Amino acid sequence: MSSATRKAVPWWLSAPALVLFTCLLLVPLALTAVLSFNAFDPMTGVKSGEFTLEHYAHVFTDSYYHAIFWRTFWISALVTVICVAIGAPEAYILSRMGNPWRSVLLLVVLAPLLVSVVVRAFGWSMLLGPEGLVNGTLKLIGIGPVKMLYTEIAVIVALVHVMLPFMVIPVWTSLQKLDPGVQNAALSLKASPFTTLRRIVLPQVLPGILSGSLIVFGLAASSFAIPGLLGGRRLKMVATVVYDEYLHELNWPLGAAVALTLLVANLVVMLSYNRLVEGRYKKALG
């Protein structure tokens, strides 16, 4: 076998995956990008062959879209922070448990993934509604009723519930690679449990926290079902705006422009966060 043939073998073996990736991701993205530049007439629809920057100018200059993007990103960031605060300790506890309790808790963490997001959203709408269990409990202690449904509170609570497994699993996977002997050595050298956790465990699980944070933030920012069902018609996020432009206004080019703007903004935020956390990880490990 010649040298050129040997070099070509990995490409031939990767060809099916590359073709699938191109057909299912790159081609739709390219078509959406072309659509976002198409001119649009409310009377006749999309004007094929006519291109304009008007849709992007509309997105970048209209304060309505500024507010929606701001709401989307601060909610996504808050959901990510809450998931880190809950998911990282939960993963640590999970890694320290023995069988069969570890398997039981892991099943509890993964069980929500077996239920449709729409079903879980309807469940939260029943819990957070005016006559729901949460408000019923608040009335008993003399606080309620509190308006939670169709507010940011409902969207954040439901998103945390949906996204939490995507934080727990990467952190738990990182903890599986951690050598318990390193922690025991630190404890034997009179380090406190908190110091051991902060200086030994945390730096080594940062990759898992980073992976989980990126997944949670990206999924939360592009979430549609939860904001659509629990946010109502007034509390819009970017995904619901794209839906409205495509199916209600029938302005497909503007919807495509909003969707691609969200994609680019997501990439910028996630790559910046990735670079920041990776830098701290390398610094912590020397």
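For clarity, every value in this text was computed on a predicted model and none was experimentally measured. (Residues numbered from 1 in each chain as written. Predicted model: local features only at pLDDT ≥ 70, side-chain atom pairs only at ≥ 80, totals over all residues. Heavy atoms only, no water.)

Caption draft 1: Here's a closer look at the nonpolar core. One finds Val79, Cys83, Val155, Leu159, Ile226 and Leu230 to be the most contacted residues of the largest nonpolar core, which totals 37 residues. If you list the elements that add at least two residues to this core, you get helix H3 (63–96), helix H4 (101–110), helix H5 (117–128), helix H7 (152–176), helix H9 (193–221) and helix H10 (225–230). Element by element, the count of residues in this core is highest for H7, at 14 residues. In contact with leucine 159, other than residues within four places in its own chain, are Ile75, Val79, Ala220, Ser223 and Ile226. (Core = buried A, V, L, I, M, F, W, Y, C linked by side-chain atoms within 4.5 Å. Buried < 20%, exposed > 50% of the residue type's maximum accessible area, 1.4 Å probe, protein only. Helix = DSSP H or I, 4+ residues; strand = E, 2+ residues; numbered from the N terminus. Contact = heavy atoms within 4.5 Å.)

Caption draft 2: Looking closely at unusual backbone geometry. The backbone phi angle of tyrosine 150 is positive, close to 65°, even though this residue is not glycine. Structurally, tyrosine 150 is set in the loop between helix H6 (133–140) and H7.

Caption draft 3: Just the packing of H3 against H4, in detail. One way to put it is that H3 packs onto H4 with a least axis distance of 9 Å and a crossing angle of 150°. When the axis of H3 is compared with that of H4, the two are roughly antiparallel. In this structure, H3 crosses over H4, and the sense of that crossing is left-handed. In this structure, H3 contributes Glu90, Leu94 and Ser95 to the contact, and H4 contributes Arg102, Leu105, Leu106 and Val109. Of the residues belonging to the contact of H3 with H4, the class tally is four nonpolar, one polar and two charged. (Axes fitted to C-alpha atoms, helices over the stretch in contact; angles between N-to-C directions. Parallel < 35°, antiparallel > 145°, perpendicular 65-115°, else oblique. Left-handed = near helix turned anticlockwise from the far one by under 90°. Nonpolar A, V, L, I, M, F, W, Y, C, P; charged D, E, K, R; others polar.)

Caption draft 4: Spotlight on the side chain of threonine 72. Locating threonine 72 in the fold gives a position in helix H3. Setting aside anything within four residues of it in sequence, one finds threonine 72 in contact with Ala221, Met237 and Val238.

Caption draft 5: View of the pattern of salt bridges. Following the criterion strictly, the structure yields one salt bridge and no others. With a shortest N-O distance of 2.5 Å, aspartate 244 and lysine 236 are connected by a salt bridge. Here aspartate 244 falls in the buried class, since its relative accessible area comes to 9%. A relative accessible area of 13% means that lysine 236 is categorised as buried. (Salt bridge = Lys/Arg side-chain N within 4 Å of Asp/Glu carboxyl O.)

Caption draft 6: Inspection of the pairing of strand S1 (residues 38–41) at higher detail. In the sheet, S1 pairs with strand S2 (residues 45–51) via four bridges, with the strands oriented antiparallel. Looking at S2, one finds that aspartate 41 is bridged to glycine 45. Remark: three residues form the turn of the hairpin made by S1 and S2, two consecutive strands paired antiparallel. (Pairing = 2+ DSSP bridges.)

Caption draft 7: The environment of threonine 240, seen in detail. Looking at the element boundaries, threonine 240 is found in helix H11 (residues 238–247). Residue threonine 240 is classed as buried on the basis of its relative accessible area, which comes to 8%. For the pair threonine 240 and glycine 228, spaced twelve residues apart in the sequence, the C-alpha separation amounts to 6.2 Å. Sequence-distant contacts of threonine 240, that is, excluding residues within four places in its chain, are made with Phe224, Pro227 and Gly228. Engagement of the side chain of threonine 240 in a polar contact is seen with the backbone oxygen of methionine 237, the distance being 2.6 Å. (Polar contact = N/O pair within 3.5 Å; in protein donor to acceptor, adjacent residues only side chain to side chain.)

Caption draft 8: Quick look at the packing of H4 against H7. The contact between H4 and H7 brings their axes to 9 Å, and the two run at 145°. Mapping the contact onto sequence places Arg102, Leu106, Val109 and Leu110 in H4 and Pro165, Val168, Ile169, Trp172 and Gln176 in H7. Partitioning the contact of H4 with H7 into residue classes produces seven nonpolar, one polar and one charged.

Geometric values such as these leave the question of function open.
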